[in-house]
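Take a look at the letters that make up each chain.
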Amino acid sequence: MSLRPVVEAHGVRLRPFRAEDSADVVDGCADPLTQRFVPGLPTPYTETDARWWIDVGAPAAWTGGGAAYAIADPATNRLLGAVGLSSPVPARSQAGIGYWVRPAARGRGVATAATRALSEHAFATGTARLELLTDPENTPSQRVALAAGFQYEGLRRSATVSATGRHDLLAWVRVAGDPPGPTARLLPDLPGGVLTDQVVALRPLAPDDAALMYDLHSRPEVVANQAPPVPPTPEAMQRRCRLAQSGWLTGEIARLLIVDVASGEPAGSCGLSYSDVAAGEASVGYALLPDWRGRGYATRAVRLLAGWAFGPAGIARLSAGTVPDNTASHRVLERVGFRREGLQRGRLPGLAGTRLDDLTFALLPADLR
């Protein structure tokens, strides 16, 4: 691998760091978001740290077989951030790629442009595989990975260390033979960020929804209709809400809040997850708070979710499983157009080693009412 000292592509310039970059390096590396998601940065980050990086750290990255580029504005040459290659394995022609961007330069596609530029240059000079690791809660970085053509490969358990202990990382990978352009997502964003029929609205679950979700999913009647019938802990629900955006971006599950349009009050939640990606099949689930039951809100929510699934998400078939005596849920599904397909005996885990039957329903695009 023989990288050029200056790379210009996709509207950014990748160049060596300069002494006059020190104030901008401090601006970027002292920022709380950078401090949170870039491991190993001194805290607080000072001018002395920036000068060490420019004079020692960045050159050492090159000497070790990696790369440390300043991301610069081509018009002014002012530093916008940094991007580099680390942990090179020459025998496998692979390396890691990472970046940070100054606060004032965020939201302009700088990280995506720099990641694309360096990835393409690395592949053109002999690299075969690049790995980008992100914190599960760092969804902006996950969006950069997808926009730069990286594909989600899986979870790296306890892969990094911070002041609060060991943490998981998500692995995103791009190889030299991958097609150019962004990675197609299994679960695209909602059109305009919301689905609505002007009575109910569905929006992505957010971290601030944790208390509401705990209240909903710890209710006895809701717990009784899930498998296993065990209420969540507050900590588990907080984690679910914090990672909801990440689950959407990795294609694992789309979690949504059901909202009453007239009042803006939350009414419940619903979700969609793939059960068979190759077959284009996904499953749906839903639950309502007591004050909103009996108004047709679950039917409206499932209908909206199904329309998005068959449309923008490109899913070919939806399934839903219920306990056999949950007749209210059966009526919701049938009003949307789901058809009963059969009873799977003992399919789901119950309490104390018992097994629960699962009454399954399915919906095809032509069935949607």
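Residues numbered from 1 in each chain as written. Predicted model: local features only at pLDDT ≥ 70, side-chain atom pairs only at ≥ 80, totals over all residues. Heavy atoms only, no water.

Enquirer: Describe the overall build of the chain, listing the residues and the values that go with them.
Expert: Per the secondary structure count, the chain includes 11 helices and 16 strands. Over its C-alpha atoms, taken along the principal directions, the chain stretches across nearly 70 × 45 × 40 Å. Counting across all 369 residues of the chain, residues that qualify as buried make up 46%. Put simply, the chain shows about 17600 Å² of open surface, and 54% of that area lies on carbon and sulfur atoms. For the chain, the distance from the average position of its 38 positive side-chain charges to the average position of its 36 negative side-chain charges is 3 Å. (Helix = DSSP H or I, 4+ residues; strand = E, 2+ residues; numbered from the N terminus. Buried < 20%, exposed > 50% of the residue type's maximum accessible area, 1.4 Å probe, protein only. Areas by Shrake-Rupley, 256 points an atom, 1.4 Å probe, with all protein chains shown as cover. Lys, Arg positive; Asp, Glu negative; His and termini not counted. Charge placed at Lys NZ, Arg CZ, Asp CG, Glu CD.)

Enquirer: Could you give an account of the sheet that holds strand S7 (residues 151–162), with specific residues and numbers?
Expert: Across the sheet, which stays open at both edges, the 8 strands sit in the order S1-S2-S3-S4-S5-S6-S8-S7 with mixed pairing between neighbours. Edge positions in the open sheet fall to strand S1 (7–9) and S7, since each of these has one partner strand only. Neighbouring strand axes in the sheet, compared pairwise and without regard to direction, differ in orientation by 30° on average. One ladder, built from 3 bridges, connects strand S2 (residues 12–15) with strand S3 (residues 67–72); its direction is antiparallel. Counterpart to Arg13 in the pairing with S3 is Ala72. (Pairing = 2+ DSSP bridges. Axes fitted to C-alpha atoms, helices over the stretch in contact; angles between N-to-C directions.)

Enquirer: How would you explain the pattern of salt bridges if you had to name every residue and give the values?
Expert: For the structure on display, the rule yields 25 salt bridges. The closest approach of N and O atoms between Asp24 and Arg102, which form a salt bridge, is 3.8 Å. Highlighted residues: Asp24 in helix H1 (residues 22–29) and Arg102 in the loop between strand S5 (94–101) and helix H4 (110–124), separated in sequence by 78 residues. Take Asp24: its relative accessible area is 10%, and that puts it in the buried class. In this structure, a network of salt bridges that share partners links the residues Arg15, Arg18, Glu20 and Asp21. (Salt bridge = Lys/Arg side-chain N within 4 Å of Asp/Glu carboxyl O.)

Enquirer: Got a sec to walk through the sheet that holds strand S9 (residues 195–196)? Specific residues and values, please.
Expert: The 8 strands lie next to each other as S9-S10-S11-S12-S13-S14-S16-S15, forming an open sheet whose pairing is mixed. Every other strand in the sheet has two partners, leaving S9 and strand S15 (339–349) as the edge strands with one partner each. In terms of strand pairing, strand S13 (residues 281–288) meets strand S14 (residues 317–322) through 3 bridges, oriented parallel. Note that in S14 the partner of Ser283 across the bridge is Ser319. In this fold helix H6 (residues 210–217) packs onto strand S11 (253–260), strand S12 (266–276) and S13, with an angle of close to 80° to the strand it touches most, S12. (Contact = heavy atoms within 4.5 Å.)

Enquirer: Can you tell me about the state of the cysteines, naming the residues and giving the values?
Expert: Such a bond, covalent and formed between the sulfur atoms of two cysteines, is termed a disulfide. On inspection of all chains with the given rule, the structure shows 0 disulfides. Free cysteine: Cys241, not disulfide-bonded; nearest cysteine sulfur from Cys270 at 13 Å. Looking at Cys270, the relative accessible area reads 6%, which means it is buried. (Disulfide = S-S within 2.5 Å.)

Enquirer: Tell me what's going on with the environment of Leu364, and back it up with residues and numbers.
Expert: The topology assignment puts Leu364 in the segment after strand S16 (355–363). Classification of Leu364 by relative accessible area gives partly exposed; the value is 40%. With 338 residues separating them in the primary sequence, Leu364 and Val26 have C-alpha atoms 55 Å apart. Not counting chain neighbours up to four residues away, the residues in contact with Leu364 comprise Phe310, Ala316 and Arg317.

Enquirer: Give me the lowdown on the pairing of S13, citing residues and values where you can.
Expert: On a regular strand, one side chain projects to one face of the sheet and the next to the other, so that they alternate. Where S12 meets S13, 8 bridges bridge the pair, whose relative direction is antiparallel. Bridge pairing in S13 places Gly271 opposite Gly285. The turn linking S12 back onto S13 is made up of 4 residues, and Gly280 within it adopts a positive phi angle of 70°. What joins S13 to S14 is helix H10 (residues 297–310), and the crossover it makes is right-handed. (Right-handed = clockwise from strand over helix to strand, strands pointing away.)

Enquirer: Give a description of the nonpolar core that names residues and reports values.
Expert: With 42 residues, the main nonpolar core has Leu202, Leu272, Trp308, Leu318 and Phe338 as its most contacted residues. Going through the elements one at a time, strand S10 (200–204), S11, S12, S13, H10, S14, helix H11 (327–336) and S16 are the ones with two or more residues in this core. Ranked by residue count, the leading element in this core is H10, at 10 residues. Core analysis: the second largest hydrophobic core is formed by 33 residues, Leu3, Val83, Ile97 and Val110 among them. (Core = buried A, V, L, I, M, F, W, Y, C linked by side-chain atoms within 4.5 Å.)

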